[in-house]
Amino acid sequence: MNSLNTIDHPALCGSLRPPLPADEVTNFSPGPTSLPKAVEQVIADGFNKPGLTSLALSHRSPEFLDILSHTVETLRSVMNIPDTYEVLFTHGGGHGQFAALPLNLCHDASDVATYVVNGTWSERGRDEGQRYCRVQTIDARDPQTGAYKSFPALTEDNIDPDSKYVYLCSNETVNGIELHRLPILPKSRKHIPLVVDASSDFSTKPIDWEGCGVGVLFACASKNIGHPGVTLTVIRKDLLGKDKASPLCPGVFNYTTNSEAGNLWNTPATFNIEVVGHMMDWIAARGGINEIERRSIEKAKALYDVIDGSNGFYGTPVDEKTLRSRMNVPFNVAGGDEELTNKFLIQSWEKGMIGLRTLTPFGVGDYLRASLYTGVPVEGALKLAEFMRDFAREHG
């Protein structure tokens, strides 16, 4: 377990199973991530009750309709979703919504949409969107380094007044940039719906739905609100209508079709929807969305304080503190020193702190990343902060 010079050490291969009891492991993966222990227990208890679980219930049975109704109602309550919005459970994850948005909001391929691109996921959303509409980009990329480290101002000059929507990602997981509150468009552009990819920060802070002009907001379940396999899509009802979507929009992605069918146009992800309801119950029982935001602030502050106080031993790419993500804290060790980074990963893994490096088809990136989603307890973040402080003291 201490073979620091071998690339095949489990910690360096992305392993999420250190030889420790589950209650001693904290999952800092960028997603999918862990549910709160109490929610996992509720799910486990459900398998010991009489009758079928939601894994086997017909989606048109009265039992599942009760589950669906409860999940929608608790979502509306916890997140203060107005009655002027429809709550849908959609397929295809965030990538599905990248296509569904222009197909629902742009009737013609010549329609214009404005995309704010300030990170990996808004860039992907833009690239998919331009297959179905004419895209105008507000680009936040640093012209010298090519890095994303900021969020651009939204002005009359950079938003086409004929835009069918203005698109943004409220938390860029890879780049560590988060909007702690959604922006308000300039007065002359207030008529344009705001579209928000909130996949990695939904249910961690309040949303001013009507004040910020939110038209559509979507969130994959696997970060903060449940189990992978379902996406929550909230759409303002005045944007629905069969005459508004592209005639090429598939039924499975059509917001109006699915709204009129009450989320039952085709078989929804029954179990996953039930888990979202359990998560909303858990949030409500712990004081609601304001308490979850307080915990998010506490967890992120613990790590950023160590980074900022390390005299440069740890670095993070986002200098503007008001934009630093509470959900995903990117950091490097000794400027990216490979030997020390590997040692850090191995020692933290052996102590039950997993998921700090993500292996992708594109490599491992310049930074490690601690993701602090709702399922990560405050104690887990404090444990990582203490380890980071000790490691810097020993090797700095």
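Scoring rules and cut-offs
Residues numbered from 1 in each chain as written. Predicted model: local features only at pLDDT ≥ 70, side-chain atom pairs only at ≥ 80, totals over all residues. Heavy atoms only, no water. Helix = DSSP H or I, 4+ residues; strand = E, 2+ residues; numbered from the N terminus. Rg over C-alpha atoms; globule rule 2.2 N^0.38 Å. Buried < 20%, exposed > 50% of the residue type's maximum accessible area, 1.4 Å probe, protein only. Contact = heavy atoms within 4.5 Å. Areas by Shrake-Rupley, 256 points an atom, 1.4 Å probe, with all protein chains shown as cover. Pairing = 2+ DSSP bridges. Axes fitted to C-alpha atoms, helices over the stretch in contact; angles between N-to-C directions. Polar contact = N/O pair within 3.5 Å; in protein donor to acceptor, adjacent residues only side chain to side chain.

(A) Seen up close, the overall build of the protein. What the protein contains, in helices and strands, is 9 helices and 14 strands. Against the globule reference of 21 Å for 396 residues, the protein gives a C-alpha radius of gyration of 22 Å, in line with a compact fold. Judged by the C-alpha coordinates and their principal axes, the protein covers about 65 × 60 × 35 Å. Counting across all 396 residues of the protein, residues that qualify as buried make up 56%. Relative to all contacts within the protein whose residues are 6 or more apart in sequence, the contacts with residues 24 or more apart total 70%. For the protein, the computed accessible surface area is about 17200 Å², with 51% contributed by carbon and sulfur atoms.

(B) Region of the structure containing the environment of His278. Structurally, His278 can be placed in helix H6 (residues 270-285). Separated by 68 residues in sequence, His278 and Glu210 have C-alpha atoms that sit 26 Å apart. Contact partners of His278, with chain neighbours within four places excluded, come to Val39, Val42 and Ile43.

(C) Structural detail: the sheet that holds strand E2 (residues 85-90). Overall, mixed pairing links the 7 strands, which are arranged E2-E10-E9-E8-E5-E3-E4 in an open sheet. Strands with a single pairing partner mark the edges of an open sheet, and in this sheet they are E2 and strand E4 (134-139). For this sheet, the mean angle separating the axes of adjacent strands, direction not counted, is 20°. As judged from the 6 bridges shared by E2 and strand E10 (residues 231-236), these two strands associate in the antiparallel manner.

(D) Examining the side chain of Glu291 more closely. Assignment of secondary structure puts Glu291 in helix H7 (residues 289-308). Look at Glu291 and you get buried, because its relative accessible area is 19%. Within polar-contact distance, the side chain of Glu291 engages the side chain of Arg294 at 2.9 Å.

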